[in-house]
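# Structural features, examined
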Amino acid sequence: MSATTAPEAALSVLPRADGSAKYSYAGYTVTASVNGPIEAQRKDEHAQEAYVDVIVRPAAGVGGTRERHLESLLQSSLSQLILVKNFPRMLIQVVLQVEAVPDNDYENTKLVQASLNFPIIPALLQTAVLGLLSAVVPMRATATSTVAAVVFQDGAKRVVVDPSPKELAAARSVHVLAFTSHDELILAESEGDFSVKEWDDVYDAAAKICCQSGAGNADTAMDLDGPVNAGPDMRQFLNSTLEAKVAADLYWK
Amino acid sequence: MATPSLTFPRSVFAKLSPHPYLLRTLTTSPDDTTTTTPTRTNGRAPSEPRPLKIHTSSLSHAHGSALVRAGDTTVICGVRAEILPVTSIPQYRPVTDYDALAEDEEEKERRDRAELKDYDLLVPNIELATGCAPQFLPGVPPSTLAQTVSTRVYSLLHGSGVVGVEGLRVWDTSRVGATAEGVDEEEEEKPRLVAYWTLYIDLLFVSYDGNPFDAAWTAVVAALRDTKLPEVRWDPDREAAVCGSRTERAKALGVRGLPVACSAVVFLEKERGEPGEGRHWLLLDPDRLEEGLCGEAITVVVDCEGGETRVRAMEKVGGVVVGRELVRGFVGVAEKRWKEVKAAMNMDGQAHGALGAFVEEAGSSR
């Protein structure tokens, strides 16, 4: 199941949460609920800034060590995006429920897996950002993220954006990169076997997806490269999702 | 009457306002001499790691062990191997022909890794002992830090491929060559895969002073290099693996490459400012005080064993200071660290090598 379709998102899907979002792309569907700023527990309270609490719930079973790691990655990234210093002694809670993961008929699938799941990180981060926007939590910047793999095919190296589970299994290295809307690298995760040069190529490919601005720009880039290597324009997607939501909400005017 | 003094000793200042304390030591030289190099609170230069001490084979009941010490971070790692018969693996999928697989290098490598992962042959566990640092309290479930480090070690063990599955397979060779009647001769000649070794890799932090992942990973690699699996024979009558007790017959577990982890944190000049404004320092091998003050951290795992530098894993979280250029530069820093860690491992190996030669001599003269 490769990412042939465009990402989809819906904002404010849950009636009771302050903000929520549902995002699906490349076989992953994640729902986020965001509450905040709310009162923090005494142990989490910070005198100068808000505490960002991220909870990741897997599609099946209960969260294990892998989910704790994902939570700590997201927590440190989101704390950089949210203006935490505006809300001292408060808590901003982000709950991410994974609803669907892509099937992989080629692999033994186990319920509890301890190793880090790279392709789920962009899905979780995108959903969290959309949820925070829906909850109108003040943020310094938004973030976009993507996953890329370096695969060897017919004796040549190739960077595959949004790899399928089968490509992931055969990949030499897998990379997750996230950028803020100021084009800064906020999160980088890589594993496998690669050189600095390969990482640079991956960085270029990821920056192209995450850091493009404007619809016109995106269209020309698509035409030049063809749809083979070019993934979706994540920033454009984020903008259009919010524009559509604002337009729908202000329809009565 | 003496007026009460308003000067504090350094330790009090460090506790009361740690951020200005660290900033002050970085911006001014310690004794106001001519030196202009910034110094950290622990007396190190920003890019100076703590000296590493490695001691292997200190646990007598483990198949391999290592004690790693970097400053006040001390971690002990023990590797214990246990037999896992294939009959007790759920969803075991036997490979019928290993020879055919061996032809396609890429496919074989992929299958080997999948085998390690599917049957859970590597089981790392990390414990931050009560009292190793003040924040770890007794009687609580494993902290987020312990779980995070455990996931990272597990991912890196599988991602870097330091342990090959070949060394963990246990074969039944008892019927090789024996041609039983009525059975196809072709099938009988091949050894049969009957069990795997499962490696339980337990890490215990005796003392914790920052940078847990580097220390933990160094301990894992050192312990795996030290691991010797006992001689094993499959007893077809009992349907069980029988291990020999003679230590000199034990086979060293082959470890591929030498991946070395190198971590740093980013210290920002402005405690409450926007990220990215003001000066910043990259502090290599941070201690507990520095980790508490810095949000952004970078870890790069490199392996220069083949002459060429290969990056095996990278993690950068919690900030926007480290961009593309700094990541590139940091790989160079990691290369330097790799040489130091290799030297520390070899130094330990030499000490043991001398002892090993002595034991061998004593054994042969008997």
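Rules used throughout
Residues numbered from 1 in each chain as written. Chains lettered and ligands numbered in written order. Predicted model: local features only at pLDDT ≥ 70, side-chain atom pairs only at ≥ 80, totals over all residues. Heavy atoms only, no water. Helix = DSSP H or I, 4+ residues; strand = E, 2+ residues; numbered from the N terminus. Buried < 20%, exposed > 50% of the residue type's maximum accessible area, 1.4 Å probe, protein only. Contact = heavy atoms within 4.5 Å. Salt bridge = Lys/Arg side-chain N within 4 Å of Asp/Glu carboxyl O. Phe/Tyr/Trp six-rings, centres within 6.5 Å; stacked < 30°, edge-to-face > 60°. Expected span 1.5 Å × (residues − 1). Axes fitted to C-alpha atoms, helices over the stretch in contact; angles between N-to-C directions. Parallel < 35°, antiparallel > 145°, perpendicular 65-115°, else oblique. Nonpolar A, V, L, I, M, F, W, Y, C, P; charged D, E, K, R; others polar. pLDDT = per-residue confidence, 0-100. Core = buried A, V, L, I, M, F, W, Y, C linked by side-chain atoms within 4.5 Å. Pairing = 2+ DSSP bridges.

### Remarks on the overall build of chain A
Regarding its fold elements, chain A presents 6 helices and 9 strands. Expressed as a percentage of the 253 residues in chain A, the buried residues total 51%. Pairs at least 24 apart in sequence give 67% of the contacts found in chain A among residues at least 6 apart.

### Looking at the pattern of salt bridges
Residue and element names in this part refer to chain B. Following the criterion strictly, the structure yields 37 salt bridges over all chains and no others. Close ionic contact of Glu 115 with Arg 169 constitutes a salt bridge, the shortest N to O distance being 3.2 Å. Remark: Arg 169 occurs in strand β5 (residues 169-172) and Glu 115 occurs in helix α4 (residues 105-118); sequence separation between them is 54 residues. In this structure Glu 115 comes out as buried when scored by relative accessible area, which is 6%.

### Focus on the packing of aromatic side chains
All names here are of chain B. Scanning all chains against the criterion turns up 9 aromatic pairs over all chains. Seen in terms of ring centroids, Tyr 119 and Tyr 196 are 5.5 Å apart; in terms of plane orientation they differ by 45°. Their pairing is tilted. Here Tyr 119 is found in the loop between α4 and β4 (122-128), whereas its partner Tyr 196 is found in strand β6 (residues 192-207), with 77 residues between them in sequence. Residue Tyr 119 is classed as buried on the basis of its relative accessible area of 10%.

### Re helix α1 (residues 65-81) of chain A
Residue and element names in this part refer to chain A. For α1, which comprises 17 residues, the first-to-last C-alpha distance of 25 Å matches the rise-based estimate of 24 Å (1.5 Å per residue) to within 8%. Buried residues dominate α1, accounting for 12 of its 17 residues. Where α1 is concerned, the buried positions are Arg 66, Glu 67, His 69, Leu 70, Glu 71, Leu 73, Leu 74, Ser 76, Ser 77, Leu 78, Gln 80 and Leu 81.

### Brief notes about unusual backbone geometry
Here the residue pair Gly 36 of chain A and Pro 37 of chain A is connected by a cis peptide bond, since its omega of -5° sits within 30 degrees of zero. If you check the backbone angles, Ser 57 of chain B has positive phi at about 60° while not being a glycine. Within the secondary structure, Ser 57 of chain B is located in the loop between β1 (52-56) and β2 (64-70). Relative accessible area serves as the criterion here: at 39%, Ser 57 of chain B is assigned to the partly exposed category. Of note in this structure, Asp 120 of chain B is not a glycine but carries a positive phi near 50°. Within the secondary structure, Asp 120 of chain B sits in the loop between α4 and β4. Take Asp 120 of chain B: its relative accessible area is 34%, and that puts it in the partly exposed class.

### Points about the packing of α1 of chain A against helix α5 (residues 144-160) of chain B
Describing two packed helices takes the angle between their axes plus the distance from one axis to the other. Two elements in contact, α1 of chain A and α5 of chain B, have axes separated by 8 Å at closest approach and are oriented at 105°. The pairing of α1 of chain A with α5 of chain B is recorded here as roughly perpendicular in orientation. For the pair α1 of chain A and α5 of chain B, the contacting residues are Thr 65, Arg 66, Arg 68, His 69 and Ser 72 of chain A in the first and Thr 144, Gln 147, Thr 148, Thr 151 and Arg 152 of chain B in the second. Its residues placed into classes, the contact of α1 of chain A with α5 of chain B shows no nonpolar, 7 polar and 3 charged.

### Notes on the confidence of the model for chain A
Residue and element names in this part refer to chain A. Looking at chain A, the pLDDT average stands at 86 and 87% of residues meet or exceed 70. The lowest-confidence element of chain A is helix α5 (residues 215-225), averaging 43 in pLDDT; the highest-confidence one is strand β4 (residues 51-57), averaging 96. Note on residues 215-229: pLDDT under 50 across the span, and 9 contacts to partners over four residues away in sequence or across chains.

### What about the nonpolar core?
Counting 152 residues, the largest nonpolar core has Leu 78 and Leu 96 of chain A together with Leu 199, Trp 217 and Leu 224 of chain B as the members making the most contacts within it. It is helix α7 (residues 212-226) of chain B that provides the largest number of residues to this core, a total of 10 residues. Discounting residues that sit within four places of it in the chain, Trp 217 of chain B has contacts with Val 153, Leu 156, Leu 157, Ser 160, Val 162, Pro 259, Val 260, Ala 261 and Val 301 of chain B. Counting 8 residues, the second largest nonpolar core, distinct from the first, contains Leu 22, Leu 26, Phe 267 and Trp 281 of chain B.

### Here's the deal with the pairing of β2 of chain B
All names here are of chain B. The element β2 is extensively covered by neighbouring structure, given that 5 of its 7 residues are classed as buried. Relative to β2, β1 runs antiparallel, the two being bridged by 5 bridges. Directly across from Ile 54, in β2, lies its bridge partner Val 68. In the sheet, β2 pairs with strand β3 (residues 73-85) via 7 bridges, with the strands oriented antiparallel. Bridge assignment links Ala 70 to a residue of β3, and that residue is Thr 73. In this antiparallel pair of consecutive strands, β2 and β3, the connection spans 2 residues, and Gly 71 shows a positive phi of 60°.

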